[in-house]
Amino acid sequence: MTSFLIATSLLKIIGMIFVVILPMVSYAVYAERRVSALIQDRLGPNRVGPSGLFQPIADAAKFVFKEDFTPATVNTFYYWLAPALAMVPAITTIAVIPFGSTLFGVPMVIADVNVGILYIFAIASLGVYGIVLAGWASNSKYPFLGGIRSSSQMISYELSLALAVIPIFLVVGNLRLTSVVRYQIEHGWMIAPFIGNWTSLAKWLLAIPMLISFFVFMIAIFAETNRLPFDLPEAEQELAGGYHTEYSSMKFALFFLGEYAAMITGSAIVVTLFFGGWHLPGVPDGSHGWFFGLLNIVVFFAKVAVLLFFFMWVRWTLPRFRYDQLMRLGWLFFFEIALVNIFLVAGILAYFSP
């Protein structure tokens, strides 16, 4: 039995990383280029393969064969360590996210720990070390400024990020992410009370703070992943590229791919917490057969893909914030809104029976 559990865990890890996440990261870059082309009324990549679908392979080959140049003045150990620290946390956090119900009786989550959301915040917060070390180890002014911006930005918005999810776990009653999905299957999605069995007054009252939590969490995810309009750490007009200015070849690619991996992980967390995870009304879970188990996985990643499209659409639609606007928004608005929202949910739960 122990050998079976180890084997299935290894299969899930290998499948999630090499079959799902890494291809999604590569083709998220392709999708972003196509979406930006659509918004800007141009074609985008269309030369390599049908409709440019082999462009990610060509990009990977370009990065592999480019000269890997290390400036003479850098702190070599930390300079080489930083790209790995930027990529690994973004992939590792996916371990506790349930991406399906069951398939052939095996739960579709790598590690169903009882402190899932705390694990995510603990590991995701390590991503800032890669950016800060890259800026510091480069021994160059513009990368250093980008690293400092990233550290202050992530501290500001991680507070809002953590406070925004507390109302969800007050309602659910524990920190296990599979329990959050199960709750939404039985009671309705967090921001869609009409999906599921929301019959009591408390459930409809909770829809308002859940919507507030969603907006705060979603905007904080943009800041956490350094996406426009919060990409101050790599603002090319101000910092000539930011923390990765002195990087080339595969080390630069790891920073680039780490951003997209973090975006995919962030989208998966949003889907799990607010959009019912792998659940779709009318679609049974994997206990009714392998086909439905596979369909649950498809539903989950389809929701993730929709959120990724939203990330890309926002990037090519909104202008970048000024740095003072970024900090003011995090400390003077989102922090207070998320804090008040916790008391609002606590009051509803205390005076109305869910």
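Preceding this section is the structure that the text describes.
Residues numbered from 1 in each chain as written. Predicted model: local features only at pLDDT ≥ 70, side-chain atom pairs only at ≥ 80, totals over all residues. Heavy atoms only, no water.

A. Expanded view of the pattern of salt bridges. Applying the stated criterion across every chain yields a total of seven salt bridges. For Glu32, the salt bridge identified is with Arg227, shortest N-O distance 2.9 Å. Here the residue Glu32 occupies a position in helix α1 (residues 2-39), and Arg227 occupies one in the loop between α8 (201-224) and α9 (236-239), the gap between them amounting to 195 residues. Residue Glu32 is classed as buried on the basis of its relative accessible area of 3%. Among the charged side chains, a network of salt bridges with common partners joins Glu32, Arg227, Glu259 and Arg315. (Salt bridge = Lys/Arg side-chain N within 4 Å of Asp/Glu carboxyl O. Helix = DSSP H or I, 4+ residues; strand = E, 2+ residues; numbered from the N terminus. Buried < 20%, exposed > 50% of the residue type's maximum accessible area, 1.4 Å probe, protein only.)

B. Representation of unusual backbone geometry. The backbone phi angle of Asp41 is positive, close to 60 degrees, even though this residue is not glycine. Topologically, Asp41 is positioned in the loop between α1 and α2 (55-65). On the basis of relative accessible area, Asp41 is assigned to the exposed category, the value being 73%. For Phe104, which is not glycine, the phi dihedral falls at a positive 55 degrees. When you line up the elements, Phe104 lands in the loop between β1 (102-103) and β2 (106-107). A residue is classified by how much of its surface remains accessible, and Phe104, at 64% relative accessible area, is exposed.

C. Region of the structure containing the packing of aromatic side chains. All told, the structure shown has 24 aromatic pairs when counted by the stated rule. Their ring planes at 15 degrees and their centres at 6.1 Å tell us that Phe252 and Phe256 sit as a pair that is stacked. Taken together, the positions of Phe252 and Phe256, both in helix α10 (residues 249-274) and four residues apart, correspond to about one turn of that helix. Ring-pair connections join several aromatic residues into one group, and the members of that group are Phe214, Phe215, Phe217, Phe274 and Phe275. Directly above the ring of Phe63 sits Lys62, whose terminal nitrogen or CZ lies 5.0 Å from the centroid. (Phe/Tyr/Trp six-rings, centres within 6.5 Å; stacked < 30°, edge-to-face > 60°. Lys NZ or Arg CZ within 6 Å of the ring centre and 35° of its normal.)

These figures capture arrangement, not role.
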